[in-house]
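Per-entry structural report
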Amino acid sequence: MRDLQKFYIDGQWVDPKGHESLAVINPATEAAIATIRLGDNNDVELAVAAACKAFPDFSQTSRDDRIALLEKIISAYKKHSDALADAITNEMGAPEMLAKNAQVAAGLGHFYVALKLLKDYSFEEVMGTTKVVKEPIGVCALITPWNWPLNQIACKVAPAIAAGCTMVLKPSEIAPLSAHIFADIMHEAGVPAGVFNLIDGDGVGVGSALTHHEDVDMVSFTGSTRAGTLVSQAAALTVKRVALELGGKSANIILDDADFEKAVSRGVKGVMNNSGQSCNALTRMLVPANKSEEVIEIARRTAASVIAGDPMDATTVIGPVVSMAQWNKIQGLIAQGIDEGAELVCGGLGKPPGLDKGYFVKPTVFAGVTNDMTIAREEVFGPVLSIITYQNEDEAIAIANDSPYGLSGGVWSADLDRARAVAARLRTGMVHLNGAVLDANAPFGGYKQSGIGREWGVYGLEEFLETKALFGYDEA
């Protein structure tokens with residue numbers, strides 16, 4: 001049991017004001033592995049005050065100063081990469097290789113991107129006699145989830161540092177271990193006191209207090225659409241900026257000229273990755289009706305190769321989902337899929353054979369899904385794929401766009417121009433053409449109920465900047 005019952009405020013680990021403790025559960029073993037303290041409004045006041053105090057000086061640091069700081073953070077992060085990977089495996093069940101090569105690596109990648117941007121980014125522009133400058137927005141509340149903990153922390157903290165902002169981080173109370181190590185990294189790198197602060201807590205006790213706080217200038221939140229609407233409502237009272245990265249129910253359109261073996265197998269594996277706990281997972285696979293039997297057979301075979309098990313075992317492909325609450329939610333949605341008449345191709349209710357302990361879900365594929373079914377409308381956030389058929393290209397696009405979400409999408413075709421044309425008609429923030437991977441330099445975010453604003457790269461940096469016009473700066 002690790003005792004993590006301190007918060008990082010104003011450059012030091014301090015005792016919280018909140019009195020309630022919470023056990024952190026290893027989802028593979030169901031055993032408590034750490035204890036944290038849940039903060040309250042008093043902790044929020046202290047953390048925000050520290051960030052406010054630090055902002056005047058940090059906001060005026062030079063580009064070179066912040067470049068040097070990011071370089072020190074990168075160096076410290078790399079030194080602690082093994083500990084970070086171990087923490088992620090234990091707190092949210094990611095298999096060891098995924099934790100190291102994807103989860104930890106993604107976080108580091110955002111710091112490299114921020115460093116490169118800071119070296120080249122123009123914070124000033126002259127427009128006639130007017131000078132336009134971009135300045136740090138102020139004190140930022142960063143609220144992050146448990147599914148990709150370091151990725152979501154780093155893609156907020158790195159650009160905030162580059163911009164010259166100060167911040168209070170509230171990581172997920174379900175998976176806080178890696179965040180505490182991250183705070184140690186920031187301290188080791190010499191981040192000035194008050195620039196980065198960390199407090200644990202739940203949405204009601206800490207998240208809400210941060211979003212309501214009149215001295216917080218911006219809230220950057222990643223989580224469910226339901227929680228995102230509450231953040232927006234609370235932030236509106238003080239008209240603070242809100243950046244939201246929310247849910248998704250993304251469509252993967254496989255056109256009739258695609259390589260079906262490649263497209264379907266990669267589509268299935270992509271949904272199963274990280275136990276299906278990715279907001280941008282392409283969980284609706286749209287395929288031509290006359291190819292459905294071929295698709296189902298490939299999907300069945302591929303899903304059978306996805307081994308669920310102990311995340312410490314090198315043969316494991318997916319570990320457990322993060323909690324009993326998540327497991328119950330996923331089971332309920334699988335049951336609804338069966339009840340509503342979808343064809344269960346593989347997987348289904350209950351735990352995989354031999355895995356009686358831990359929150360393991362069977363890799364599950366449904367066929368015969370229609371776009372009005374619950375499993376096609378709601379974000380399952382587990383290793384569950386829905387296969388939907390279409391008659392023609394226009395119908396495929398209509399089905400893909402018929403969703404309250406618009407985070408990601410995919411198009412597969414032997415003709416790249418055809419894939420591009422279909423992608424242009426999708427109402428979604430991102431589209432993967434023929435399985436192209438994410439690019440940390442490109443914007444990440446969605447349309448509709450998938451969020452507001454963008455993260456990653458220059459778009460992510462600019463979320464943390466305000467724009468000021470200085471009229472008459474130059475003589476006419």
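Keep in mind the model is a prediction, meaning the values are calculated, not measured.

A few words on the layout of surface pockets. Vacant regions in the atomic arrangement are exposed by a probe of water-molecule size rolled over the atoms. Considered as a void within the structure, the largest pocket measures approximately 1000 Å³ in volume. Together, 37 residues line the largest pocket, and Phe-221, Gly-223, Ser-224, Arg-226 and Ala-227 are the ones closest to its centre. Taken together, the elements giving at least two residues each to the lining of the largest pocket come down to helix H7 (203-212), strand S11 (218-222), helix H8 (225-236) and helix H11 (324-339). Of the pockets and cavities examined, the second largest pocket occupies roughly 810 Å³. Within the lining of the second largest pocket, the residues separate by chemical class into 16 nonpolar, 14 polar and two charged.

In spatial order, the strands read S1-S5-S4; together these three strands make up an open sheet with mixed pairing. Every interior strand has two partners, whereas the edge strands, strand S1 (2-4) and strand S4 (21-26), have only one. Strand-to-strand, the axes of this sheet are offset by a mean angle of 25°, without reference to chain direction. For S4 and strand S5 (residues 31-37), the ladder comprises six bridges, and the chain directions are antiparallel. The partner of Leu-22 across the bridge, within S5, is Ile-36. Each of S1, S4 and S5 is contacted by helix H3 (residues 81-92), which is oriented at about 95° to S4, the strand it contacts most. Across the sheet, helix H6 (residues 177-188) lies against S1, S4 and S5, angled at about 65° from S1, the strand it touches most.

Right, let's get into a nonpolar patch on the surface. Residues Ile-338, Leu-344 and Leu-349 make up a contiguous nonpolar surface patch of roughly 220 Å² in combined accessible area. Its location among the elements puts Ile-338 in helix H11. You can call Ile-338 partly exposed: its relative accessible area is 34%.

It is worth spelling out empty space enclosed by the protein at this point. Tallying each qualifying case throughout the model produces five cavities of 30 Å³ or more. Its boundaries defined by the atoms lining it, the largest cavity holds a volume of some 110 Å³. Lining the largest cavity are 16 residues; nearest its centre among them are Ala-251, Arg-284, Ala-400, Ser-408 and Thr-428. Counted by class, the lining of the largest cavity contains five nonpolar, seven polar and four charged residues.

Structurally, the position occupied by Ser-413 is in the loop between strand S19 (409-412) and helix H14 (416-424). Judged by relative accessible area, which is 5%, Ser-413 ranks as buried. Of the polar contacts made by the side chain of Ser-413, one reaches the side chain of Asp-257; its length is 2.9 Å. Of the polar contacts made by the side chain of Ser-413, one reaches the backbone nitrogen of Asp-415; its length is 3.1 Å. Setting aside residues up to four positions removed in sequence, Ser-413 forms contacts with Leu-255, Asp-257, Ala-258, Arg-418, Ala-419 and Asn-434.

Note on sheets: strands pair through backbone hydrogen bonds, and any given pair is parallel or antiparallel. Within the open sheet, the three strands sit side by side as S6-S7-S23. Their pairing is antiparallel. Each of the sheet's edge strands pairs with one partner strand only, and the pair in question is strand S6 (124-127) and strand S23 (465-470). This sheet shows a mean twist of 20° between the axes of neighbouring strands, independent of strand direction.

A full pass over the atoms with the stated rule returns zero disulfides. Unpaired in this structure, Cys-52 has its nearest cysteine sulfur neighbour in Cys-140, at a distance of 11 Å. Of the residues examined, Cys-52 reaches a relative accessible area of 27% and is grouped as partly exposed.

So, about the confidence of the model for the protein. On average, residues of the protein score 97 in pLDDT, and 100% of them reach the 70 mark or higher. Element-level pLDDT for the protein is lowest in S1, with a mean of 92, against a maximum mean of 99 in strand S10 (residues 196-198).

Moving on: the packing of aromatic side chains. Counted by the stated rule, this structure contains eight aromatic pairs. Between Tyr-77 and Phe-111, the ring centres sit 6.3 Å apart and the planes meet at 50°, which makes this aromatic pair tilted. Of this pair, Tyr-77 sits in helix H2 (residues 63-79) while Phe-111 sits in helix H4 (residues 96-120), placing them 34 residues apart in sequence. With relative accessibility at 1%, the residue Tyr-77 sits in the buried group.

For the rest of this paragraph, the subject is the environment of Ile-153. Within the element layout of this structure, Ile-153 appears in helix H5 (residues 149-163). It is 7.8 Å that separates the C-alpha atoms of Ile-153 and Ala-179, two residues lying 26 residues apart in sequence. If we ignore the near neighbours within four places in the chain, the residues touching Ile-153 are Thr-144, Leu-169, Ala-179 and Phe-182.

Let us now look at the packing of H2 against H6. Put simply, H2 and H6 touch, their axes get as near as 8 Å, and they point 135° apart. Considered as vectors, H2 and H6 are oriented oblique to each other. The crossing of H2 and H6 is right-handed. Across the interface between the two elements, Ile-73, Ala-76, Tyr-77 and Lys-79 from H2 touch Phe-182, Ile-185, Met-186 and Glu-188 from H6. In terms of residue class, the contact of H2 with H6 is built from six nonpolar, no polar and two charged.

Attention shifts here to the nonpolar core. By size, the foremost hydrophobic cluster in this structure holds 75 residues, and its most contacted members are Val-157 and Phe-196. Considering each element in turn, this core owes the most residues, ten residues, to H5. Other than its neighbours up to four places away in sequence, Phe-196 contacts Tyr-8, Val-157, Met-167, Leu-169, Phe-182, Ala-183, Met-186 and Val-191. Core analysis: the next-biggest nonpolar cluster, separate from the first, contains 30 residues, Trp-327, Val-361, Val-411 and Val-422 among them.

This part covers the environment of Met-92. Relative to the assigned elements, Met-92 resides in helix H3. The spacing of Met-92 and Pro-176 is 84 residues in sequence and 9.5 Å in space, taken between C-alpha atoms.

Let us look at the side chain of Ser-450. Mapped onto the fold, Ser-450 is located in the loop between strand S21 (447-448) and strand S22 (451-452). Its relative accessible area of 0% is what places Ser-450 among the buried residues. Look past the residues within four positions of Ser-450 in its chain and what remains in contact with it is Leu-244, Glu-245, Leu-246, Gly-247, Gly-248, Tyr-405, Gly-406 and Leu-407.

How each quantity is defined
Residues numbered from 1 in each chain as written. Predicted model: local features only at pLDDT ≥ 70, side-chain atom pairs only at ≥ 80, totals over all residues. Heavy atoms only, no water. 1 Å grid on protein atoms, 1.4 Å probe; cavity = no way out; pocket = protein on both sides within 12 Å on 5 of 7 lines; lining within 4 Å. Points joined across faces, edges and corners; volume = space filled by probe spheres on them. Helix = DSSP H or I, 4+ residues; strand = E, 2+ residues; numbered from the N terminus. Nonpolar A, V, L, I, M, F, W, Y, C, P; charged D, E, K, R; others polar. Pairing = 2+ DSSP bridges. Axes fitted to C-alpha atoms, helices over the stretch in contact; angles between N-to-C directions. Contact = heavy atoms within 4.5 Å. Patch = residues over 30% accessible without salt bridge, like charges linked within 9 Å, V, L, I, M, F, W, Y side chains within 5 Å. Areas by Shrake-Rupley, 256 points an atom, 1.4 Å probe, with all protein chains shown as cover. Salt bridge = Lys/Arg side-chain N within 4 Å of Asp/Glu carboxyl O. Buried < 20%, exposed > 50% of the residue type's maximum accessible area, 1.4 Å probe, protein only. Polar contact = N/O pair within 3.5 Å; in protein donor to acceptor, adjacent residues only side chain to side chain. Disulfide = S-S within 2.5 Å. pLDDT = per-residue confidence, 0-100. Phe/Tyr/Trp six-rings, centres within 6.5 Å; stacked < 30°, edge-to-face > 60°. Parallel < 35°, antiparallel > 145°, perpendicular 65-115°, else oblique. Left-handed = near helix turned anticlockwise from the far one by under 90°. Core = buried A, V, L, I, M, F, W, Y, C linked by side-chain atoms within 4.5 Å.

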